[in-house]
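The chain contents come next:
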Amino acid sequence: MTEFLINGGRKLRGAIAVQGSKNSALPLLAAALLVCGEVVLDNCPALSDVDAALEILTYLGCRAHRCGSAVTVDATGMHACDIPAHLMKRMRSSVVFLGAILARAGRAEMTMPGGCMLGPRPIDYHIDALRALGADIDLCGDRLLCRACRLRGAELLLPFPSVGATENAMLAAAACRGLTRIRNAAREPEIVDLAGFLNAIGIPVRGAGTPVIEITGGSRPHGVRYPVMTDRIAAGTYLCAAAVTGGEIELTNANPLELRALTDALLRAGCTLTVNGSRLRLHAPRNLRAVGIIETGPYPAYPTDLQPPLLALACTGKGTSIFLETMFASRYNHIEELRRMGADILTDGRFAAIHGVPRLTGAAVSAPDLRAAAALVTAALGANGETTISHIDYLDRGYARMDEVLSSLGAEVCRREF
Ligand code: EPZ
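Throughout, residues of each chain are indexed from 1 in the direction in which the sequence is written. Only residues with pLDDT of 70 or above have their local features reported here, since the model is predicted, and side-chain atom pairs are shown and tallied only from 80 upward, although totals for entire chains, interfaces and linings are computed over all residues. Where side-chain values are given, they derive from all heavy atoms of the structure, hydrogens and water being excluded.

Chemist: Explain the packing of aromatic side chains here, please?
Modeler: The description of an aromatic ring pair rests on the distance of the ring centres and on the angle between the ring planes. Pairs were defined over the aromatic rings of Phe, Tyr and Trp, the Trp ring being its six-membered one, requiring ring centres within 6.5 Å. Orientation was assigned from the angle between planes: stacked under 30 degrees, edge-to-face over 60, tilted for the rest. Overall, the coordinates contain one aromatic pair when judged by the stated rule. Ring centres of Phe197 and Tyr226 lie 5.5 Å apart, and the angle between their planes is 90°; on these two criteria the pair is classed as edge-to-face. Residue Phe197 is found in helix α7 (residues 189-200), and its partner Tyr226 is found in strand β13 (residues 224-227); the two are separated by 29 residues along the sequence. Any residue under 20% of the maximum accessible area for its type is buried, any over 50% is exposed, and the rest in between are partly exposed; the area is computed with a 1.4 Å probe on protein chains only. The exposure class assigned to Tyr226 is buried, which follows from its relative accessible area of 12%. Each helix is a run of DSSP H or I of at least 4 residues and each strand a run of E of at least 2, with the numbering of both proceeding from the N terminus.

Chemist: Whenever I open this one, the nonpolar core confuses me. Can you help?
Modeler: Among soluble globular proteins, nonpolar side chains are generally buried collectively. If you look at the biggest cluster of nonpolar residues, it comprises 81 residues, and the most contacted ones within it are Leu33, Leu60, Phe97, Ile101, Met170 and Phe197. If one sorts the elements of this core by residue count, helix α4 (residues 96-105) sits on top with seven residues. Excluding anything up to four places from it in sequence, Leu60 contacts Leu33, Gly77, Met78, His79, Ala80, Cys81, Asp82, Ile83, Phe97 and Ile101. Buried Ala, Val, Leu, Ile, Met, Phe, Trp, Tyr and Cys residues form a nonpolar core when they are joined through side-chain atoms within 4.5 Å. Contacts are assigned to residue pairs that have any heavy atoms within 4.5 Å of one another.

Chemist: Looking at this model, I keep getting lost on the packing of helix α6 (residues 163-173) against α7. Mind explaining?
Modeler: In a packed pair of helices, the relevant descriptors are the angle between the two axes and the axis-to-axis distance. Axis lines are fitted through C-alpha atoms, for helices just across the contact stretch, and the angle between N-to-C directions can take any value from 0 to 180 degrees. Interhelical geometry of α6 versus α7 gives an angle of 10° and a closest axis separation of 11 Å. As the angle between them shows, α6 and α7 are arranged roughly parallel. Facing α6, whose interface residues are Val163, Thr166, Glu167, Met170 and Leu171, α7 presents Ile191, Leu194, Ala195 and Leu198. Residue polarity is assigned by list, with Asp, Glu, Lys and Arg as charged and Ala, Val, Leu, Ile, Met, Phe, Trp, Tyr, Cys and Pro as nonpolar; anything else, Gly included, falls into the polar class. In terms of residue class, the contact of α6 with α7 is made up of seven nonpolar, one polar and one charged. Oblique is the label for every angle not falling under 35 degrees (roughly parallel), over 145 degrees (roughly antiparallel), or within 65 to 115 degrees (roughly perpendicular).

Chemist: How do you make sense of the side chain of Asp305 when you look at a structure like this?
Modeler: Examined against the element boundaries, Asp305 turns out to sit in the loop between β17 (293-295) and α10 (307-314). What makes Asp305 buried here is its relative accessible area of 16%. Whenever two N or O atoms come within 3.5 Å, that pair is a polar contact, provided that in protein one can donate a hydrogen and the other can accept it, and provided that, for residues adjacent in sequence, both atoms are side-chain atoms. At 2.7 Å, the side chain of Asp305 forms a polar contact with the side chain of Arg331.

Chemist: Explanation requested: the site of the ligand in the structure shown.
Modeler: A single heavy atom is enough: if one lies within 4 Å of a molecule or strand, its residue is considered near that molecule or strand. Taken together, 23 residues surround the ligand, and among them Asp124, Ser162, Asp305, Met327 and Arg371 come closest. Here an oxygen atom of the ligand sits 2.8 Å away from a polar atom, N or O, in the main chain of Gly164. Within the side chain of Arg371, one N or O atom sits 2.7 Å away from an oxygen atom of the ligand. Counting residues per element, the ones that place at least two in the shell around the ligand are α1 (22-31), α5 (124-132), α6 and α12 (370-382). Taken together, the residues of the shell around the ligand sort by class into ten nonpolar, six polar and seven charged.

Chemist: I tried to follow the state of the cysteines on my own but got confused; where do I start?
Modeler: Such a bond, covalent and formed between the sulfur atoms of two cysteines, is termed a disulfide. Disulfides are defined in this document as cysteine sulfur pairs within 2.5 Å. Per the stated rule, a full pass over the model turns up zero disulfides. In this model Cys44 remains outside any disulfide bridge; the closest cysteine sulfur is found in Cys67, 13 Å from its own. With no disulfide partner, Cys140 has as its closest neighbouring cysteine sulfur the one in Cys146, 10 Å distant.

Chemist: Hey, could you run me through the domain arrangement of the chain in this one?
Modeler: A common measure of how large an interface is: the accessible area buried when the components associate. Domain boundaries in the chain define domain 1 (2-19 + 230-417) and domain 2 (22-227). A C-alpha centroid distance of 30 Å is found between domain 1 and domain 2. Contact with domain 1, which involves 24 residues of that partner, is made by 24 residues of domain 2. Accessible-area loss on putting two parts together, using a 1.4 Å probe and summing over both, is the definition of buried area adopted here. Across the domain 1 to domain 2 interface the summed buried area is about 1800 Å²; carbon plus sulfur atoms make up 55%. For domain 1, the biggest contributors to the area lost against domain 2 are Tyr299, Phe328 and Arg397; these three give 34% of the whole. Basic side-chain nitrogens of Lys or Arg form a salt bridge, by our definition, when they fall within 4 Å of a carboxyl oxygen of Asp or Glu. The interface formed by domain 1 and domain 2 holds two salt bridges in total. Notably, a salt bridge pairs Glu190 with Arg232, separated by 2.8 Å at the nearest N-O pair. Each domain's extent is set by a domain assignment, obtained either automatically or from a database.

Chemist: Any chance you could explain the sheet that holds strand β3 (residues 38-42) here in plain terms?
Modeler: Each strand in a sheet pairs with its neighbour through backbone hydrogen bonds, running either in the same direction (parallel) or in the opposite one (antiparallel). Note: two strands are recorded as paired if DSSP finds a minimum of 2 bridges between them. If you walk across this open sheet you meet the four strands as β4-β5-β3-β13, and the pairing is mixed. Of all the strands in the sheet, the pair left with one neighbour each is β4 (63-67) and β13. On average, each strand axis in the sheet is inclined to that of its neighbour by 15°, with strand direction left out of account. Direction of pairing for β3 relative to strand β5 (residues 70-74): antiparallel, over a ladder of four bridges. Each bridged residue has a counterpart across the sheet, and for Leu41 the counterpart in β5 is Val71.

What follows is the structure, given as structure tokens:
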């Protein structure tokens, strides 16, 4: 087990380059299966979820290795098309290997994926989309058996703009003869990054970032060197962390447009934000204000992954902030732990009302999932005294050496391994 010991109250100051995006790197690694040849992903974050994806690729028979921030995958020797349960259960993103393995091998076998416990996370939209592209899929308990003699392009209409279902459909469509049109597709920047990758390996994709994506499949993909986009969720987390300390930080490689929903909330809280190209600078006031009403939703609405860190910030914002979590049924796992630190929060189903208190107090808390862990770190940085956060292994799934990044900004964070 790993824990963080944080001595709160130090202002974060300085500049950082934000890591590559976890939620983009994982589908890109799956997409590398489409290519018989070498794919190099630059700016690939060093995370335990990325390690899990590399283990899946290795199990399937690919060559996969990391050299610094670049990961090289060569799927020429792929010989398996099943993923064992212990690899599937390590993360939710293992499910995007389904579309990629089907596209490459015409069959796939796996169990249901794991991932953070945020309430029910079915994969019915994924399965329906792949069936519409010509796959036969049997569900036997926890096992998925998929076969596709011939995948063919089709018109797909997703019931909800699911990120994972859009990615799976795009990956399978790469091997379909003809045109696939995905309507009500997810518009997240990570989808645009995946489309950029597919275009770069020779699969024409149009419309990514809009609700209608068109993929012309069937051509033979070739190797490529491709940079993973900056992690907008990590970027937003560091902005929240700096703001609770009354600090001043600069992100040197951000995409401010992707962070718009968060930066609007930070402006309401009294922060000053300045943009110069990809440089985004935040200057926080001594005392924060409430953040107003935050309703999570599919991009470009407020991202559910940044709800926990902003909610932690709202705990010391003067006034009342209201959160409505629409994406996941159980994404308030951090609230009970924040209460241990003195937060005044009322919840009713998907609503949470946060009455700002002047200061939180350090306590012993336990991280229940990845973004909840980020919320607890955020709260601890602004709190009086010492906070111990256990189960930091969750944090390491999505944030590359967060303790070192925060220390470089002046925080007092110590990692302890047991
Ligand atoms: C992706 O998850 C992200 N994960 C999540 O980030 C993120 O919170 C989420 O998108 C929303 O932005 C990765 O990219 C690896 P969805 P995903 O399919 O693809 C329901 C993090 O902390 N749904 O868009 O699983 C589902 O239950 C993670 O980094 C179905 O009902 O999200 C949810 O309520 C957590 N049936 C909603 O749609 C389906 O077949 C959105 O899920 C698929 C989804």
